[in-house]
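This is what each chain is made of:
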Amino acid sequence: MLLILLGPPGAGKGTQAGQLVEDYGLAYISTGAILRNAVKEGTGLGQKARQYMDLGQLVPDELVVEIVKDRLQQPDCEKGALLDGFPRTVEQATFLEKVLPDTGKKVDCVLLIEVAEEELIERLTGRRVCSECGTNFHVTHKPPKVRNVCDECGGALYQRADDSLETVKERLEVYKNQTAPLIDFYEGRNVLARIDGNQEIESVRDQIKGTVDKL
Ligand code: AMP
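These numbers come from a predicted model, not from an experiment. (Residues numbered from 1 in each chain as written. Predicted model: local features only at pLDDT ≥ 70, side-chain atom pairs only at ≥ 80, totals over all residues. Heavy atoms only, no water.)

Visitor: Looking at this model, I keep getting lost on the pattern of salt bridges. Mind explaining?
Guide: Side chains bearing opposite charge may pair, as long as their charged atoms lie close to each other. Here the structure, examined in full by the defined rule, presents 15 salt bridges. Glu187 is paired through a salt bridge with Arg194; the nearest N and O atoms lie 3.1 Å apart. For Arg205, the salt bridge identified is with Glu202, shortest N-O distance 3.8 Å. One end of the pair, Arg205, and the other, Glu202, are both in helix α9 (residues 201-213), 3 residues apart, so they sit about a helical turn from each other. For Glu202, a relative accessible area of 46% corresponds to the partly exposed category. Through salt bridges with shared partners, one network takes in Arg127, Arg160, Asp162, Asp163 and Arg171. (Salt bridge = Lys/Arg side-chain N within 4 Å of Asp/Glu carboxyl O. Helix = DSSP H or I, 4+ residues; strand = E, 2+ residues; numbered from the N terminus. Buried < 20%, exposed > 50% of the residue type's maximum accessible area, 1.4 Å probe, protein only.)

Visitor: Where do I start with empty space enclosed by the protein in this structure?
Guide: Rolled over the atoms, a probe with the dimensions of a water molecule shows which regions are left empty. Scanning the entire structure with this criterion turns up 1 cavity of 30 Å³ or more. Here the largest cavity defines a volume of roughly 40 Å³. For the largest cavity, the full set of lining residues is Gln16, Leu20, Asp23, Tyr24, Arg205, Ile208 and Lys209. Sorting the residues of the lining of the largest cavity by element identifies α1 (13-24) and α9 as the ones contributing at least two each. (1 Å grid on protein atoms, 1.4 Å probe; cavity = no way out; pocket = protein on both sides within 12 Å on 5 of 7 lines; lining within 4 Å. Points joined across faces, edges and corners; volume = space filled by probe spheres on them.)

Visitor: Looking at this model, I keep getting lost on the packing of helix α6 (residues 117-125) against helix α7 (residues 165-179). Mind explaining?
Guide: Helices that pack against each other are described as a pair by the angle of their axes relative to one another and the distance between those axes. Remark: α6 packs on α7, axes separated minimally by 10 Å, with the N-to-C direction vectors making an angle of 135°. Put simply, α6 runs oblique to α7. Crossing of α6 against α7: the hand is right-handed. Contact residues: Glu117, Leu120, Ile121, Leu124 and Thr125 in α6; Leu165, Val168, Arg171, Leu172 and Lys176 in α7. Each residue belonging to the contact of α6 with α7 can be placed in one class, and the counts come to 6 nonpolar, 1 polar and 3 charged. (Axes fitted to C-alpha atoms, helices over the stretch in contact; angles between N-to-C directions. Parallel < 35°, antiparallel > 145°, perpendicular 65-115°, else oblique. Left-handed = near helix turned anticlockwise from the far one by under 90°. Contact = heavy atoms within 4.5 Å. Nonpolar A, V, L, I, M, F, W, Y, C, P; charged D, E, K, R; others polar.)

Visitor: When you look at the packing of aromatic side chains in this model, what are you seeing that I'm missing?
Guide: Aromatic rings in a pair are described by how distant their centres are and how their planes are angled relative to each other. Applying the stated criterion across every chain, the model contains 1 aromatic pair. Here the aromatic rings of Phe185 and Tyr186 are separated by 5.0 Å at their centres, their planes lie at 85°, and the arrangement is edge-to-face. Across this residue pair, the class does not change: Phe185 and Tyr186 are buried. Sitting over the ring of Phe137, Lys142 keeps its end group 4.9 Å from the ring centre. We note Arg189 situated over the ring of Phe185; from NZ or CZ to the ring centre the distance is 3.9 Å. (Phe/Tyr/Trp six-rings, centres within 6.5 Å; stacked < 30°, edge-to-face > 60°. Lys NZ or Arg CZ within 6 Å of the ring centre and 35° of its normal.)

Visitor: Explanation requested: the sheet that holds strand β7 (residues 157-158) in the structure shown.
Guide: Sheet strands line up and pair through hydrogen bonds in the backbone, either parallel or antiparallel. Judged by pairing direction, the sheet is antiparallel, and its 3 strands sit side by side in the order β6-β5-β7 without closing on themselves. Edge positions in the open sheet fall to β6 (136-138) and β7, since each of these has one partner strand only. Sheet topology places strand β5 (residues 127-130) next to β6; 3 bridges connect them, and they run antiparallel. Within β6, the residue paired with Val129 across the bridge is Asn136. (Pairing = 2+ DSSP bridges.)

As structure tokens, then:
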């Protein structure tokens, strides 16, 4: 099974991904997380990607598609995979269609999580992330028990450089212009499922589960 999480930054894709991966035994492929890790480790990829990420812009397709191609060939993807944050352009989606037959997979469902724009801004600018395990928190909606300390592993929380107000606005523009065209693209292939992401986390999870269980 191959699932794609689509939606604007802040829609809750990362939050829902954890449960989905567990429920359906899927490998988790988040291009954002892979790129952030490359930046943290200062690899060649990280050095090239950083300038785009800090500005809230997309990393060039040719860098990202290689990451996904390699990742999909790893053994843990045999049972299935969940793509989070990829594809983000029609070019990336077209690339995916080209490489998938070699892995014996097809896109089974694209879960589009829709959220109102004011809500996205509030969620993103208040988001805090664990520097050790990557768990997400929110200053008002999901505060950690101890300020700036991760409930899961005790790691220090930080605000992503691209979660500042100015960069969040840029990321939302980039989504509208470059990623939203994928909605028509996947609707045309009859694999798009719309999820109301304005609801509580549990309710969004139930909508997703209801959709995936029917596949
Ligand atoms: P995310 O964690 O998915 O919000 O991604 C964080 C940042 O990583 C984005 O703002 C982009 O700069 C970069 N990025 C992640 N995935 C992609 C992708 N599929 N194509 C291009 N850039 C990406």
